[in-house]
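Structural features, examined
Here are the chains, one letter per residue:
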Amino acid sequence: MTQFIKGQWVAGLGHDVTSKNPANNEVIWNSKTATPEQVNIAVDAARDAQFDWFMLGFDARLAIVEAYRTQLEDNKAEIAEVIAQETGKPQWETATEAGAMIGKIGLSVAAYHKRTGSSENDTPAGRAVLRHKPHGVVAVFGPYNFPGHLPNGHIVPALLAGNTVIFKPSELTPKVAELMLKLWDKAGLPAGVINLVQGELETGKALAAHPQIDGLFFTGSSRTGHILHQQYAGEPGKILALEMGGNNPLIVKGVQDTKAAVHDIIQSAYISSGQRCTCARRLYVEKGAQGDALLEMLANAVKQIKVGAWNVQPQPFMGSMISEIAAKGMVEAQRNLLNLGGESLVELTHLEVGTGLVSPGLIDVTNVIELPDEEYFGPLLQVVRYSDFDEAIKLANSTRYGLSAGILADSREDYDYFLARIRAGIVNWNKQITGASGAAPFGGVGASGNHRASAFYAADYCSYPVASVEADVVSLPANLSPGLSL
Ligand SMILES: NC(=O)c1ccc[n+]([C@@H]2O[C@H](COP(=O)([O-])OP(=O)(O)OC[C@H]3O[C@@H](n4cnc5c(N)ncnc54)[C@H](O)[C@@H]3O)[C@@H](O)[C@H]2O)c1
Ligand SMILES: O=CCC[C@H](NC(=O)CCC(=O)O)C(=O)O
């Protein structure tokens, strides 16, 4: 029983699907997909439950969301283990993902009040009241790389605002989604308020195209996000929030502490085996001796990064990629860059047939005339040597994406110059460009998002404002308009 519809666990009626531990190919979950008919039933259930959920009021909804937080806290170790087992990320890292899921509750409550909530002002025309109402029934689509934290970042604010939800997780991480729904169920969420439909393209398409959803909150690839955006053309009444990928640049300029810079570069490019939307993909390093020294130290450090299965001790920095297919995709991406004229500084290799384990790679692409503007979603950092700062910024901006960007530079002036010119939703100075805070808005421009930032601003896309002018009784104005007599 792996679909959760109208408060009941039911079997999928579609085709067989499995989920595998990518570090050893062992099957850890199997089921059948939800059919389009089951998606219809889930949407109907969410529609039936929505008004009562809204009318419960914020405090009653919050009490249930807080009961969910208690479930997350009580089951934190299991959540971290299931995420690790299904994604391949090491346990030290998935413990932080489970922690972020817990932290999301407090942040979403604060954001609800700060970004939405209600307010009143007396005006000459009457009492002006601002309230926010939920959109209604919303679909949440999640990615595989943060299968708990990122869907949670849509679901929690959506429920707090009074929406009901149909959640379609990544087909690569169904077990994490199932565990999340078990915890919501234990928290006492009324039937139909959240529904889970598991499956692949057929299930996702049926949900995204359903006429009875009022909004869709998506985190995933730019490719899928663009398909959804086209699908929603001509649907101004539906809210679409797209959180997509990036081809993120990091510039190094005038840094004294080379070792610290190398550390920030590694945390930017190789954490989660390069499978974060915010990961640095392109590194701009000044030509000359200082740049040569930095690259030498970086290459040595990259060669020493420990890679291994999620549960080995001592823990590796990088776990497995999500699948063998993803690992092979990275080997292919590297081959493509080499064919275009790239020069390998550290080779990315597929470490074990049948697994997603790869070693991290570093490639100098300075001589590639037309660098593909692609998000290679794995541990392969492209290095470009530059001659002057304006050239580096121009190259950094030569992407259709605009998610994260950063500069490592000891000069405040250089940072200000960069900040004014770089086009991205997350711009960091002397800090890694991964690990964004949930207390800030999180979203990109260009092909990375549609101006509906998530994290602290997720509250914004979970409701719409209602402006009212009110008086307790009907009363005549002191002066009637010219030409009126009563
Ligand atoms: N900006 C962000 O906040 C953010 C965060 C995490 C990941 N990402 C991006 O996500 C990507 C990795 O995740 P992924 O590979 O799981 O993404 P994906 O686009 O393949 O899948 C995301 C979700 O969409 C569904 N889907 C795929 N095609 C669909 C279609 N045609 N119609 C409806 N649903 C469809 C999938 O089943 C899944 O649930 C990377 O590009 C990464 O940069 C972005
Ligand atoms: O993979 C993409 C996002 C990873 C992560 N970003 C966040 O967690 C945003 C904050 C939030 O949603 O609460 C990162 O930047 O590493």
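Note that the coordinates shown come from a computational prediction; the quantities given were computed from them, not determined experimentally.

What surrounds ligand 2 is a group of 14 residues, the closest being Lys 104, His 149, Arg 276, Cys 277 and Gly 435. Interatomic distance of 2.8 Å between a side-chain N/O atom of His 149 and an oxygen atom of ligand 2. Within the contact set of ligand 2, an oxygen atom lies 2.8 Å away from a backbone nitrogen or oxygen of Cys 277. Against a free-state accessible area of 420 Å², the protein chains account for coverage of 95% of ligand 2.

Okay, the packing of aromatic side chains next. This structure, assessed with the given rule, holds 9 aromatic pairs. On the numbers, 4.2 Å between centres and 10° between planes, the contact of Phe 58 with Tyr 112 is stacked. Here Phe 58, found in helix 2 (residues 58-74), pairs with Tyr 112, found in helix 4 (residues 91-115); they are 54 residues apart in sequence, far enough to count as distant. You'll find Phe 58 and Tyr 112 in the same group, each marked buried. Centroid distance Tyr 415 to Trp 429: 4.7 Å. Interplanar angle 5°. Geometry classified as stacked. Here Tyr 415 is found in helix 13 (residues 412-421), whereas its partner Trp 429 is found in strand 18 (residues 426-429), with 14 residues between them in sequence. For Tyr 415, a relative accessible area of 11% gives the class buried.

The next point concerns the state of the cysteines. Joining two cysteines, a disulfide is a covalent bond between their sulfur atoms. Applying the stated criterion across every chain yields a total of 0 disulfides. Its sulfur unpaired, Cys 462 is 18 Å from the next cysteine sulfur, which belongs to Cys 277. Taking the relative accessible area as the measure of exposure, Cys 462 reaches 0% and is therefore buried.

We now examine the UniProt feature "domain: Aldehyde dehydrogenase" (unreviewed entry) in the protein chain. According to UniProt, the positions carrying the feature "domain: Aldehyde dehydrogenase" (unreviewed entry) are residues 9-461. Span residues 9-461 is 41% helix and 21% strand, its end C-alpha atoms 29 Å apart.

Residues lying three or four places apart along an α-helix face the same way, a consequence of the helix completing one turn every 3.6 residues. In this model helix 9 (residues 258-269) runs 16 Å from its N-terminal to its C-terminal C-alpha over 12 residues, within 8% of the 16 Å that 1.5 Å per residue would give. Of all the positions in helix 9, only Ala 261, Val 262, Asp 264, Ile 265, Ile 266, Gln 267, Ser 268 and Ala 269 are classed as buried. For helix 9, the elements touching its buried residues are strand 12 (248-253), strand 13 (280-286), helix 10 (289-303), strand 16 (380-386) and strand 17 (404-409).

A separate point is the packing of helix 3 (residues 76-87) against helix 4. Between helix 3 and helix 4, the shortest axis-to-axis distance is 8 Å and the interhelical angle comes to 125°. As judged from the angle between their axes, helix 3 and helix 4 are oblique. The hand of the helix 3/helix 4 crossing is right-handed. For the pair formed by helix 3 and helix 4, the contact residues are Lys 76, Ile 79, Ala 80, Glu 81, Ile 83 and Ala 84 on the first element and Gln 91, Thr 94, Ala 95, Glu 97, Ala 98, Gly 99, Met 101 and Ile 102 on the second. Here the residues of the contact of helix 3 with helix 4 are counted per class, giving 8 nonpolar, 3 polar and 3 charged.

The next thing to look at is the pattern of salt bridges. Counted by the stated rule, this structure contains 18 salt bridges. Lys 32 serves as the salt-bridge partner of Asp 16, at 2.7 Å between the closest nitrogen and oxygen. Taken as a pair, Asp 16 in strand 3 (residues 16-21) and Lys 32 in strand 4 (residues 26-32) lie far apart in primary sequence, 16 residues in all. For Lys 32, a relative accessible area of 36% translates into the label partly exposed. Sharing partners across several salt bridges, the network here consists of Arg 127, Arg 131, Glu 470 and Asp 472.

Reading guide: rules and limits
Residues numbered from 1 in each chain as written. Chains lettered and ligands numbered in written order. Predicted model: local features only at pLDDT ≥ 70, side-chain atom pairs only at ≥ 80, totals over all residues. Heavy atoms only, no water. Near = heavy atom within 4 Å. Polar contact = N/O pair within 3.5 Å; in protein donor to acceptor, adjacent residues only side chain to side chain. Areas by Shrake-Rupley, 256 points an atom, 1.4 Å probe, with all protein chains shown as cover. Phe/Tyr/Trp six-rings, centres within 6.5 Å; stacked < 30°, edge-to-face > 60°. Helix = DSSP H or I, 4+ residues; strand = E, 2+ residues; numbered from the N terminus. Buried < 20%, exposed > 50% of the residue type's maximum accessible area, 1.4 Å probe, protein only. Disulfide = S-S within 2.5 Å. UniProt positions renumbered as here; feature names shortened; annotations may be inferred. Expected span 1.5 Å × (residues − 1). Contact = heavy atoms within 4.5 Å. Axes fitted to C-alpha atoms, helices over the stretch in contact; angles between N-to-C directions. Parallel < 35°, antiparallel > 145°, perpendicular 65-115°, else oblique. Left-handed = near helix turned anticlockwise from the far one by under 90°. Nonpolar A, V, L, I, M, F, W, Y, C, P; charged D, E, K, R; others polar. Salt bridge = Lys/Arg side-chain N within 4 Å of Asp/Glu carboxyl O.

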